Amino acid sequence: MLRNHTFDEIAVGDSASLERQLTQEDIQLFAVMSGDVNPAHLDAEYAAATQFHGVIAHGMWGGALISALLGTQLPGPGTVYLGQTLHFRAPVRVGDRLTVTVTVSAKDEARRRVTLACCCVNQDGQAVIDGEASVLAPTEKIERPATMLPEVRLRTDGGLRRLLQHVQPIGPIRVAVVHPCDVLSLAGALDARAAGLIVPLLVGPRARLEAVALEAGLNLAGVEIEDVPHSHAAAERAAELAGQGEVQALMKGSLHTDELVSAVLAPAAGLRTKRRLSHCFLMQTPAYPRPFIITDAAINIAPTLEHKADIVRNAVTLAHAIGVAEPRVAILAAVETVNPAMPATLDAAALCKMAERGQIAGAVLDGPLAFDNAVSAAAARVKGITSPVAGQADVLVVPDLESGNMLAKQLEYMGDAATAGIVLGAKLPIVLTSRADSRETRIASCAIAVLLAHHFRSNPP
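Residues numbered from 1 in each chain as written. Predicted model: local features only at pLDDT ≥ 70, side-chain atom pairs only at ≥ 80, totals over all residues. Heavy atoms only, no water.

### Some words on the packing of helix H10 (residues 305-321) against helix H11 (residues 343-356)
Move 1: Put simply, H10 and H11 touch, their axes get as near as 10 Å, and they point 55 degrees apart. The angle between the axes of H10 and H11 places the two elements in the oblique class. You can see that H10 and H11 cross each other, and the crossing is right-handed. Between H10 and H11, the contacting residues are Leu305, Lys308, Ala309, Val312 and Arg313 on the first element and Ala344, Asp347, Ala350, Leu351 and Met354 on the second.
Move 2: Of the residues contributing to the contact of H10 with H11, the split by class is seven nonpolar, no polar and three charged. (Axes fitted to C-alpha atoms, helices over the stretch in contact; angles between N-to-C directions. Helix = DSSP H or I, 4+ residues; strand = E, 2+ residues; numbered from the N terminus. Parallel < 35°, antiparallel > 145°, perpendicular 65-115°, else oblique. Left-handed = near helix turned anticlockwise from the far one by under 90°. Contact = heavy atoms within 4.5 Å. Nonpolar A, V, L, I, M, F, W, Y, C, P; charged D, E, K, R; others polar.)

In structure tokens form, the structure reads like this:
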């Protein structure tokens, strides 16, 4: 219930307070509502180079909290705002907890006006905002149930559109779609064709492909088909075509991942490089200000240190292909300190030393980092971590496939993350999608394959 204080009930010295912790979502929502997209509030890379050395809240976010306190507590419902002065004393950062207090400093009996001193203090006792408010206090008691606000969830629906706009000028690439003998995989290939991303070569049993297309109402006119008897033959033939340079990427259809990977790794295909194959999820979630990579969550079950080095190198290649010149790579573990009883922390420390010695190039590595301080500057600050990666990671390297797969799926299904999946380490990109993947995920994965194929022309793997 909301209950107000009438002018006659208010006395000099009366005060009210509220507490609020700033989140990244608060900054984004305030930007959406106000239209203030100043990069000091939204662009971590830009903000790091400012005098504040990181993202800060809009100043008026704190001012809005003062307004909320006046309108809901003191004086409360019926209050008319007349004027407000504000002085911004210190920046407010993600994770800061503000205590907002208004205190009655004067009453004007003739005009029934109330003056209140306003102050916002952070968790360290530092005043970040102060000022003075002048209000017309209510004369009648008001008691009303507080309105239940709708849940607001930020979405990044423009991500796929912007990705396609970026990729389409490159032009489509020829892609062998391996055994797309179900509606989802066949429709995904045709959708990517319609989006101008790929020229599909369907490798599979012609009769079965045509039956699936007929059943789903899909049009195969003008689509080339390489007729083979079964999925194993499809994988072998697609890998052979790739080795001969007939296609610039492979795309998994309705066969098992192991079947396709085995064909790619076969010596006869000629697709192996010095690196181990690994999978990258490229993800974008409303809770994080930039796209990021999770690896490996689909290929390497229990990677060794040597395997993880290649996993990092492959992720760095993907980051470069999508335009991140020097990606920040967080090597994840359950804790952020090296513990001999936890092999993931030892691997993380070794990988960072390898990067220092030039064995892993083109990126900034740090680890071990727990997930929270890899993606949250506030969490890193609370734990006293000073790092060029903490709180702003572009790549998250997980300890093993199980942890990576669970993390990626949790972000996708409970965090509204948009995703794309790609396999690197071969001489060409491999689009690896799941039967449960959405149309958007399949199209985005093909768009990433286009970027990688273009990148490999000047930077052969």
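### Some words on the pairing of strand E11 (residues 249-252)
Move 1: Residues Ala249 and Met251 line one face of E11 and the alternating positions Leu250 and Lys252 line the opposite face, and both faces are buried.
Move 2: The pairing of strand E8 (residues 173-178) with E11 spans four bridges and is parallel. Along E11, the bridge assignment pairs Val178 with Lys252. (Buried < 20%, exposed > 50% of the residue type's maximum accessible area, 1.4 Å probe, protein only. Pairing = 2+ DSSP bridges.)

### With respect to the confidence of the model for the protein chain
Move 1: The pLDDT averaged across the protein chain works out to 92; a share of 98% of its residues lies at or above 70.
Move 2: Within the protein chain, the lowest mean pLDDT, 72, falls on helix H5 (residues 158-167), and the highest, 98, falls on strand E16 (residues 395-397). (pLDDT = per-residue confidence, 0-100.)

### As for unusual backbone geometry
Move 1: Cis geometry marks the peptide bond from Thr295 to Asp296, where omega comes out at -5 degrees.
Move 2: For Asp296, the location among the structural elements is in the loop between strand E13 (292-295) and H10.
Move 3: For the bond running from Gly367 to Pro368, omega is 5 degrees, close enough to zero to count as cis.
Move 4: Inspection of the secondary structure assignment puts Pro368 in strand E15 (residues 364-369).
Move 5: Of note in this structure, Asp416 is not a glycine but carries a positive phi near 55 degrees.
Move 6: Looking at the secondary structure, you find Asp416 in the loop between helix H14 (401-414) and strand E17 (418-424).

### Here's the deal with the pairing of E13
Move 1: Neither face of E13 is left uncovered, since the one carrying Phe292 and Ile294 and the one carrying Ile293 and Thr295 both have all their residues buried.
Move 2: As judged from the three bridges shared by strand E12 (residues 278-284) and E13, these two strands associate in the antiparallel manner. In the sheet register, Phe281 faces E13, and the bridge partner there is Ile294.

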